[in-house]
Amino acid sequence: MEAKNEKIIVAITQGDTNGIGYELIIKTFSDPTMLELCTPIIYGNPKIAERHMATLEQQIGFNVIKQAGEAKEGKVNLLATSNNETKVEFGKRTEESKKNALEAHERAKQDMVKRLFDVLVTCPAEGLPRRNPKQLTMLVNDKTRVVQYNKGGENTLEQQLQTLTATLKRDFSILNPRIALLDNNSESKKLTEESTVVMGPYESKAFVEEGKADAFDALMVVGNIPMELGQETVKVTCGLPIIHTTASCDEMFSIAGKNEANEEAFRNAIYTAIDIARNRYNYDEAIKNPLPKLYHERKEDGEKVRFSIPKKAETKGE
């Protein structure tokens, strides 16, 4: 993206073709205002897309292309990763449906390396190549942002917190983020004592029951996430050079082909990816040519206090 006012090019992979991926795409882009926000490129099979539209009795005019460079503004572009006759068996995970998902995924990866689009939004699919263990998945809704500590990853808790901090600054325009560390074992107390960004550690259940989440920009959870995040939650991959989001749902085979899928989380995934692209552009522009410092900053002893949660006694006295 060369200028912040240009339309974002959004690559979308079709996902498992026996699941709800195409239903999410069709319902989302049946709204013409989506094309005012972005230029979509669907990576998938045109014949499978036609089958899904016929089943849903809902048509959108796909502009079928062979290369990403052929995409047109104001159109729902469909880049044909295959064009063969493929049987659609709604609600079943088959080798053929998994192959379709993988073909779209691999073609999008190739175009991603060539920087032929700005952001990547994936439809639900299992069996795709595993992501880099150094990356984090952030769950985002209109109330909070949550990352679950990846114990099996290559990075330590401290390194994962650094990735989260950098993501909040660059991707969400939160220049002074406040992160709550939820760790029932309290083994990371030293880590939070030495940080002006990370607070805690807090006991997960009490933290949620006392409604403390609103005081923070993000939560890092060691163990199970202690709250329900809702159907409209979006997954954001942190630590990637490319912007990647997806809806938090799976293929939802039980309702595939029944016109029952809710597209809100998928639409939110597109909105979130677009917002991140804008934020990254503004952040990178701001630090491209920094002015030299004319003075030396002195770290304040009480810096961390600015980000702490007010004590209950103090709150009552206000």
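About the thresholds
- Residues numbered from 1 in each chain as written.
- Predicted model: local features only at pLDDT ≥ 70, side-chain atom pairs only at ≥ 80, totals over all residues.
- Heavy atoms only, no water.
- Helix = DSSP H or I, 4+ residues; strand = E, 2+ residues; numbered from the N terminus.
- Contact = heavy atoms within 4.5 Å.
- Salt bridge = Lys/Arg side-chain N within 4 Å of Asp/Glu carboxyl O.
- Buried < 20%, exposed > 50% of the residue type's maximum accessible area, 1.4 Å probe, protein only.
- Pairing = 2+ DSSP bridges.
- Axes fitted to C-alpha atoms, helices over the stretch in contact; angles between N-to-C directions.
- Core = buried A, V, L, I, M, F, W, Y, C linked by side-chain atoms within 4.5 Å.
- pLDDT = per-residue confidence, 0-100.
- 1 Å grid on protein atoms, 1.4 Å probe; cavity = no way out; pocket = protein on both sides within 12 Å on 5 of 7 lines; lining within 4 Å.
- Points joined across faces, edges and corners; volume = space filled by probe spheres on them.
- Nonpolar A, V, L, I, M, F, W, Y, C, P; charged D, E, K, R; others polar.
- Parallel < 35°, antiparallel > 145°, perpendicular 65-115°, else oblique.
- Left-handed = near helix turned anticlockwise from the far one by under 90°.

1. Topic: the environment of Ala213
Working step 1: In this structure, Ala213 sits in the loop between helix H7 (204-209) and strand S10 (218-222).
Working step 2: The sequence separation of Ala213 and Lys143 amounts to 70 residues, and the corresponding C-alpha distance is 8.6 Å.
Working step 3: For Ala213, the residues in contact, after removing those within four places along its chain, are Phe207 and Leu219.

2. A few points about the pattern of salt bridges
Working step 1: This structure, assessed with the given rule, holds 14 salt bridges.
Working step 2: Across the pair Arg280 and Asp171 runs a salt bridge, and its minimum N-O distance is 2.6 Å. In this pair, Arg280 sits in helix H8 (residues 264-288) while Asp171 sits in helix H5 (residues 157-172), placing the two residues 109 residues apart along the sequence.
Working step 3: Relative accessible area serves as the criterion here: at 8%, Arg280 is assigned to the buried category.

3. As for the sheet that holds strand S12 (residues 243-247)
Working step 1: The mixed open sheet is built from 12 strands, whose spatial order is S3-S4-S2-S1-S5-S12-S11-S6-S7-S10-S8-S9. Pairing within the sheet leaves two strands with one partner each, and these edge strands are strand S3 (62-65) and strand S9 (198-202). Neighbour to neighbour, the strand axes of the sheet diverge by 25° on average, direction disregarded.
Working step 2: Against the sheet, helix H4 (residues 95-113) engages strand S1 (8-13), strand S2 (38-44), strand S4 (76-80) and strand S5 (119-122), with an angle of about 135° to S2.
Working step 3: Packing of H8 onto the sheet brings it into contact with S1, S2, S5, strand S11 (234-238) and S12, and relative to S12 it is tilted by some 160°.

4. Examining the nonpolar core
Working step 1: With 59 residues, the main nonpolar core has Ile12, Phe29, Ile42, Met138, Met220, Phe266 and Ile270 as its most contacted residues.
Working step 2: Ranked by residue count, the leading element in this core is H8, at eight residues.
Working step 3: Among residues more than four places away in sequence, those in contact with Met138 are Arg145, Val146, Val147, Leu164, Thr167, Leu168, Phe172, Val234, Lys235, Val236 and Cys238.
Working step 4: Grouped together as the second largest cluster of nonpolar side chains are 13 residues, Leu182, Ala213, Val221 and Met227 included.

5. Topic: the confidence of the model for the protein
Working step 1: Per-residue pLDDT for the protein has a mean of 87; in total, 86% of the residues score no lower than 70.
Working step 2: Between residues 300-318, whose pLDDT stays under 50, and residues either more than four places distant or in other chains, the model counts 17 contacts.

6. Digging into the side chain of Gln135
Working step 1: With respect to the helices and strands, Gln135 occurs in the loop between S5 and strand S6 (136-140).
Working step 2: Those residues within four positions of Gln135 in sequence are excluded, and the remaining contacts are Asn150, Thr237, Cys238, Gly239 and Leu240.

7. Quick look at empty space enclosed by the protein
Working step 1: Under the criterion given, the structure shown has one cavity of 30 Å³ or more.
Working step 2: Approximately 40 Å³ is the volume attributed to the largest cavity.
Working step 3: Forming the boundary of the largest cavity are Gly19, Ile20, Glu23, His52, Thr55, Leu56, Phe90, Ala256 and Gly257.
Working step 4: Looking at the lining of the largest cavity, the element that brings in the most residues is helix H3 (residues 46-56), giving three residues.
Working step 5: Of the residues in the lining of the largest cavity, the class split is four nonpolar, four polar and one charged.

8. A closer look at the pairing of S12
Working step 1: Burial runs high along S12: five of the five residues are buried.
Working step 2: Neither face of S12 is exposed, since Ile243, Thr245 and Ala247 on one face and His244 and Thr246 on the opposite face are all buried.
Working step 3: One ladder, built from three bridges, connects S11 with S12; its direction is antiparallel. Directly across from Lys235, in S12, lies its bridge partner Thr246.
Working step 4: Counted between consecutive antiparallel strands, the loop separating S11 from S12 contains four residues, among which Gly239 sits at a positive phi close to 90°.

9. A short note on the environment of Asn83
Working step 1: Here Asn83 is to be found in the loop between S4 and H4.
Working step 2: Asn83 gets classed as partly exposed once you look at its relative accessible area, which sits at 46%.
Working step 3: Considered as a pair, Asn83 and Gly44 are 39 residues apart in the sequence and their alpha carbons are 8.6 Å apart.
Working step 4: The contacts of Asn83, once residues within four sequence positions are left out, are Asn45, Pro46 and Lys47.

10. Some details on the packing of helix H1 (residues 21-29) against H8
Helix packing for two helices is described by the angle between their axes and how far apart those axes are.
Working step 1: Their axes nearest at 9 Å, the elements H1 and H8 cross at an angle of 70°. Taken together, the axes of H1 and H8 lie roughly perpendicular to each other. Viewed along their axes, H1 and H8 form a crossing whose handedness is right-handed. For the pair formed by H1 and H8, the contact residues are Leu24, Ile25, Lys27, Thr28 and Phe29 on the first element and Phe266, Arg267 and Ile270 on the second.
Working step 2: Residues belonging to the contact of H1 with H8 are distributed by class as follows: five nonpolar, one polar and two charged.

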